[in-house]
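Coordinates in review
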Amino acid sequence: MKKGTVELISVVKRYGDSEAVKKINLKIDGGSYCCLLGPSGCGKSTTLRMIAGHETATEGDILLNNRNVTDLPPRQRGTALMFQNYALFPHLNSLDNVTFSLKIAGVSAGERKARALDMLKLVNMDQFAEAFPDQLSGGQQQRVALARALINQPEVILLDEPLSALDPFLRTKMRTELKRIQQQLGITFIHVTHSQEEAFALADQVVVMNQGFIEQVDSPQGIFRTPRTAFVAQFIGGHNIIEGDLAPDQKALVVKDRAFPIPDTFSQENLSGISLRCDQISISTAPTATSLPDPLTIDFVEYQGSYVHVRGAFQDGLALSVYQSDHDWLDKPVKEGDAVYVTWCIDALNPLASIAP
Ligand code: ADP
């Protein structure tokens, strides 16, 4: 087992009558970058805080390197939590903020300073060692907070929405820095976010949560290419979700009066619908041999730079979103009110399961 491996076994967190985390099982490999992704209130921070030891698990076990840490206080776990608001001491400069816990632990002044400077260097803040928090930008304060979390050489670092307070430019810059630091140190990063873009950019493993459950655990590519449930497909965006009933011959999904052929590789059990990536649909102004016979009437066109979001509906009300490359769109621009024909390859369909509670 790699150092820094975290396991959650049947972990439940109840606040009074409400269950914030519902019996989850999860393994996070040591040295990996894991993102807990999901909408507000789905239980991400609670899960993170239970791993850190800042929250107790109502049921279940939390293991770090196979050692049961469920009942250990935060400092004895080998984890470090970086708080969302950075929580720096305003009356201490960067260096003293970073050395603070070493001082409490009785580390000598010389070693404290050397180790803190190393950490500040790692986060590119060594030139701000003497600066106080109110002299630093949000992004700089965050780097100091990260150095402070790293100073005790944790095996696992836990980050709660670390980029949410930064403006979009800084957010992307800091995202790259987090990945660099994680790779340089080779320790486990567990990062809570509600941004799918952030999770995709950073994670080796994405854990999608919804209402206290884990809906899917996979690589970013796995999540995007094969979302397991309608919730995952919707949350990450860029997918049409078509819910319907399986035809008696099990070769099609019946939606209203139409039947969408589905690949026979789909496991029929538990099939609740299909997802179809918006960028896997092509548009033509006249019917083609493979297009659906009835036209889609466009009701929305939004230019997004590299792609154009075109949305429309069939006469029976079924709606579809299509992402056209800007090249294709500029070649034959379609507009609201136009009737177009759509086609896709059957392999572009992905089965959606209804999640077992
Ligand atoms: P997320 O991080 O995904 O936004 P949280 O883990 O913070 O979600 O919260 C999950 C659920 O638990 C929410 O419904 C929230 O209101 C509830 N919750 C979180 N902390 C507490 C608490 N200290 N007391 C009561 N309920 C809480």
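Notes on the structure follow. These numbers were taken from a predicted model, which means no experiment stands behind them. (Residues numbered from 1 in each chain as written. Predicted model: local features only at pLDDT ≥ 70, side-chain atom pairs only at ≥ 80, totals over all residues. Heavy atoms only, no water.)

1. Side note on the nonpolar core
Within the largest apolar cluster, 44 residues are counted, with the highest numbers of intra-cluster contacts made by Leu146 and Ile157. Residue contributions to this core peak at six residues, all from helix 4 (residues 138–150). The residues contacting Ile157, other than those within four sequence positions of it, are Ala80, Leu146, Ala149, Leu150, Ile187, Thr188, Phe189 and Ile190. (Core = buried A, V, L, I, M, F, W, Y, C linked by side-chain atoms within 4.5 Å. Buried < 20%, exposed > 50% of the residue type's maximum accessible area, 1.4 Å probe, protein only. Helix = DSSP H or I, 4+ residues; strand = E, 2+ residues; numbered from the N terminus. Contact = heavy atoms within 4.5 Å.)

2. Focus: the pairing of strand 14 (residues 258–261)
Burial of the side chains of strand 14 is restricted to one face: Arg258 and Phe260 are buried, whereas none of Ala259 and Pro261 on the reverse face is. A loop of two residues connects strand 13 (residues 252–255) with strand 14, the two strands running antiparallel in sequence, and Lys256 in this loop sits at a positive phi of about 55°. (Pairing = 2+ DSSP bridges.)

3. Quick notes on the environment of Leu318
Here Leu318 lies in the loop between strand 18 (307–313) and strand 19 (319–325). Leu318 gets classed as buried once you look at its relative accessible area, which sits at 11%. A sequence separation of 62 residues divides Leu318 from Lys256, and the C-alpha atoms of the two residues are 8.4 Å apart. Those residues in contact with Leu318 that sit more than four places away from it in its chain are Val255, Lys256, Arg258, Phe260, Gly312 and Ala313.

4. Observations concerning unusual backbone geometry
Its identity as a non-glycine residue notwithstanding, Asn65 has a phi of 50°, on the positive side. Relative to the helices and strands, Asn65 is located in the loop between strand 4 (59–64) and strand 5 (67–68). By relative accessible area, Asn65 is classed as partly exposed at 27%. The phi dihedral of Glu161 falls on the positive side, at around 45°, and the residue is not glycine. Structurally, the position occupied by Glu161 is in the loop between strand 7 (156–160) and helix 5 (168–185).

5. Side note on the packing of helix 4 against helix 5
Each pair of packed helices can be described by the angle between their axes along with the distance between the axes. Interaxial distance between helix 4 and helix 5 falls to 11 Å at its minimum, and their mutual angle equals 20°. It follows that helix 4 is roughly parallel to helix 5 by the angle criterion. In this structure, the crossing between helix 4 and helix 5 has a hand that is right-handed. Residues Gly139, Gln142, Arg143, Leu146 and Leu150 of helix 4 pack against Leu170, Met174, Glu177, Leu178, Ile181 and Leu185 of helix 5. For the contact of helix 4 with helix 5, the residue count by class is seven nonpolar, two polar and two charged. (Axes fitted to C-alpha atoms, helices over the stretch in contact; angles between N-to-C directions. Parallel < 35°, antiparallel > 145°, perpendicular 65-115°, else oblique. Left-handed = near helix turned anticlockwise from the far one by under 90°. Nonpolar A, V, L, I, M, F, W, Y, C, P; charged D, E, K, R; others polar.)

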